[in-house]
Each structure stands twice: as structure tokens, then as C-alpha cells.
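This is what each chain is made of:
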Amino acid sequence: MKRHPDPFNLREPAIMTIWNNSKMSSVYYSDDSASENYPCVVKITDGEILVEYEDDGLVQYRGANDGSGHFVLNAEQVSGRASLHMFAESSILEGSWIEGGYRGMWRIELG
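Quick summary incoming for the structure in this document. (Residues numbered from 1 in each chain as written. Predicted model: local features only at pLDDT ≥ 70, side-chain atom pairs only at ≥ 80, totals over all residues. Heavy atoms only, no water.)

**As for the sheet that holds strand β3 (residues 48-54)**
What counts is decided by this rule: Two strands are counted as paired when DSSP detects at least two bridges linking them. Only DSSP runs of H or I reaching four residues or more are called helices, and only runs of E reaching two or more are called strands; each is numbered from the N terminus. Angles here are taken between N-to-C directions and fall from 0 to 180 degrees, while the axes themselves are lines fitted to C-alpha atoms, restricted in helices to the stretch in contact.
Overall, antiparallel pairing links the 8 strands, which are arranged β1-β2-β3-β4-β5-β6-β7-β8 in a closed barrel. If you compare each strand with its neighbour and ignore which way they point, the axes differ by 30° on average. Of the strand pairs in this sheet, strand β7 (residues 92-99) and strand β8 (residues 102-109) are connected by 8 bridges, and their pairing is antiparallel. Bridge pairing in β8 places Glu-94 opposite Arg-107.

**Digging into unusual backbone geometry**
If you check the backbone angles, Asp-56 has positive phi at about 55° while not being a glycine. Among the secondary structure elements, Asp-56 is positioned in the loop between β3 and β4 (58-65).

Structure follows, in C-alpha cells:
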């Protein structure tokens, strides 16, 4: 009997686009000073987004890519939640975040 391969194993691996030289800017809903042009790495596949940056250790915001340019992210390391939005063909992500009792908006320029 000839065995046929399992069709679920024929799926090609997800293609990941990586922007290693991205810049993140954050503003706070408090009197804290804004953080501008902070280095970060953004990785996006068809199913997921990952934003990584250093802040007393590696912080990773990870979330689902719903395919429409809207992302909902979580960062376990800092008990953070965030959203990001991106228009088609844009190199800018914008959204809001909540982390450790602070709230604000952030903008990432992919690079």
C-alpha cells in the first residue's frame, strides 16, 4: 500500500518580515517625558507580530495579525497590553499601550 503524505505537513513555513532598525516613540498620559526614536525590532508574519526592545532586559510585545493592519499585543515580562494599527503599504505603526500602571500612545517607524 502506497502511503500518501499527511496534507497538514505540506504547509510551507510562514514568511517573516523583519525590521531590525525600527524606531519607537512613546507618549504618556501622565507628566512623564516622551521617549523618542527608541530602537526596536519588529517581526511580522501572516499570523503574528512581535515588537522587541531593551528596557532593563528584553521586552517582547506579541500578538495576532488579523490581516487587516490591526494588532492586539501582550507583553508578559511587564504585564503590558497594547494595540497597533497600520495602513496598507505604510511603514508606520501607531496605537496605545498599558504597562505597569502607566498608559500612553506609541508610534513605530519600520526600518
